[in-house]
Amino acid sequence: MGFIKNLKSLFSTNSDLVEASSSVASISASRNGAEQANLVWPDKNSKLYDQLEDTYYQYFIGVNSLLDLELNSFEIDVIRSLNNTIKKTQSLADEIPRLPDVVPKLIHLLKTNSFSWKEVADLIATDPVILVGVIKVANSSFYNLNVNNEQLESVLVKIGASEVREIIIKVALKPIMLFEGGHFLKHSGTKIWIHAVKSAVASRTLAKLYHQDPFDAYLSGLLNNLGMTIVVQKMNEIKEFKNAPRSCQFRDKLLKISKQLSVQIAENWEVNASVRH
């Protein structure tokens, strides 16, 4: 139970830099105990699973006390807009920009055993956004390296391949998933990104526990909320906002569509099948 308790603690913290939080350290410290325990995850038909789904929805949408009602006009418009997005590949591509071309190249290169840090540094330098993001993370309170662009190669060596991969994908995804403005975006934009980072860290920790690829798990955790970014944006686009989303039916449809969108976006980005599923 200590392992599960620490996971809950991780998601209750408000820190964006999850890697530096004490919750992550606690999770790692409890791994040996968890290996000896039978961790039973909630079945999709269990009450606990329903509670988790309900909490996930209320966290992002900011609506409590859902009712067993028919869809109202606002909810119908949102579902219609989202279904149209799912059906049209180009429409989906317009909603979420592709990852910078350099990102999959870097991830692939860092997965090989034959790369040189100069190759990695040269590739990062071709994308100003990724370059600035990596240096910013290196100079954060977590790493505290106090470096500039010219010292990139030595910075990468100090951080290490596995963490460099995570930093690159995090830097690339943050501008896509972190947004603000509008009624629903104001409530949900920051939450989506913070939750994604925490999911990534929790997924990586579980992957290590079960001897799976930690980076694939980390990436899967980050990508899980991609669909919710489109959901919230579509909700914000509806001009007629007379009725708040209050029905259980709307929640169920939104959660299903959100997952569909996350998978479709990952497919458009040509993410590995092991991550998408």
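Below you will find a few notes about this structure. In this convention, every chain numbers its residues from 1, walking through the sequence in written order. This being a predicted model, a pLDDT of at least 70 is required before a residue's local features are given, and a value of 80 or more before pairs of side-chain atoms are given or counted; all residues contribute to the totals for chains, interfaces and linings. Only hydrogens and water are set aside when side-chain values are computed; all heavy atoms of the structure are taken into account.

## Observations regarding the overall build of the protein chain
- When helices and strands are counted, the protein chain shows 16 helices and zero strands.
- Note on classification: 1.4 Å probe, protein chains only; a residue is buried when its accessible area is under 20% of the maximum for its type, exposed when over 50%, partly exposed between these limits. The 277 residues of the protein chain split such that 45% are buried.
- Once local pairs closer than 6 in sequence are excluded, the contacts in the protein chain between residues at least 24 apart make up 74%.
- Note on areas: Shrake-Rupley with a 1.4 Å probe; residue coverage comes only from the protein chains shown. Of the accessible surface of the protein chain, which amounts to about 14700 Å², a share of 51% is contributed by carbon and sulfur atoms. Runs of E in the DSSP output that reach at least two residues are strands. Runs of H or I that reach at least four are helices, and both are numbered from the N terminus. Here a residue-residue contact requires only that any non-hydrogen atoms of the pair lie within 4.5 Å.

## Notes on the packing of helix 9 (residues 128-138) against helix 10 (residues 152-159)
- At a minimum axis distance of 11 Å, the contact between helix 9 and helix 10 shows a crossing angle of 55°. Considering their axes alone, helix 9 and helix 10 lie oblique with respect to each other. In the packing of helix 9 onto helix 10, the handedness of the crossing is left-handed. In contact with Leu131, Val134, Ile135 and Ala138 of helix 9, helix 10 contributes Leu152, Val155, Leu156 and Ile159.
- Lys, Arg, Asp and Glu make up the charged group, whereas Ala, Val, Leu, Ile, Met, Phe, Trp, Tyr, Cys and Pro make up the nonpolar group; the residues left over, Gly among them, are polar. Here the contact of helix 9 with helix 10 is built from residues that sort into eight nonpolar, no polar and no charged. Angles shown run from 0 to 180 degrees and are taken between the N-to-C directions of axes, each axis being a line fitted to C-alpha atoms and, for helices, limited to the stretch in contact. Roughly parallel here means an angle under 35 degrees, roughly antiparallel means over 145, roughly perpendicular means 65 to 115, and every remaining angle is called oblique. Crossing handedness is defined as follows: a turn of the near helix away from the far one that is anticlockwise and smaller than a right angle gives a left-handed crossing, while the clockwise case is right-handed.

## So, the packing of aromatic side chains
- The pairing test for Phe, Tyr and Trp rings, Trp by its six-membered ring, is centres within 6.5 Å, and the orientation test on the planes gives stacked under 30 degrees, edge-to-face over 60, and tilted for anything in between. Considering all chains together, one arrives at four aromatic pairs under this definition.
- Consider the rings of Tyr59 and Phe60, whose centres lie 5.0 Å apart with planes at 65°: the pair is edge-to-face.
- For Tyr59, a relative accessible area of 31% gives the class partly exposed.
- Members of the aromatic cluster, each reached through a chain of ring pairs, are Tyr56, Tyr59 and Phe60.
- Criterion for a charge above a ring: Arg CZ or Lys NZ at most 6 Å from the ring centre, at most 35 degrees from the ring normal. One Lys or Arg, Lys191, reaches over the ring of Tyr59 and ends 5.2 Å from the middle of that ring.

## What to know about the pattern of salt bridges
- Here, a salt bridge means any Lys or Arg side-chain nitrogen found within 4 Å of an Asp or Glu carboxyl oxygen. Scanning the entire structure with this criterion turns up nine salt bridges.
- Taking the shortest distance from any N to any O, the salt bridge between Lys111 and Asp213 comes out at 4.0 Å. Remark: Asp213 occurs in the loop between helix 12 (183-209) and helix 13 (214-223) and Lys111 occurs in helix 7 (residues 102-111); sequence separation between them is 102 residues.
- Lys118 is the partner of Asp122 in a salt bridge, and the nearest nitrogen-oxygen pair spans 2.9 Å. Of this pair, Asp122 and Lys118 both sit in helix 8 (residues 117-125), separated by four residues, roughly a single helical turn.
- Asp122 gets classed as partly exposed once you look at its relative accessible area, which sits at 40%.
- Among the residues examined, Lys118 registers a relative accessible area of 48% and is labelled partly exposed.
- Each member of the salt-bridge network shares a partner with another, and the members are Asp54, Arg251 and Asp252.

## Some thoughts on the environment of Met177
- Looking at where Met177 falls in the secondary structure, it is placed in helix 11 (residues 161-177).
- The class for Met177 is buried, based on a relative accessible area of 0%.
- Taking the C-alpha atoms as reference points, Met177 and Lys191, 14 residues apart in sequence, are found 9.6 Å from one another.
- Beyond its immediate stretch of four places on either side in the chain, Met177 contacts Gly189, Ile192, Trp193, Ala196, Leu222, Asn225, Leu226 and Thr229.

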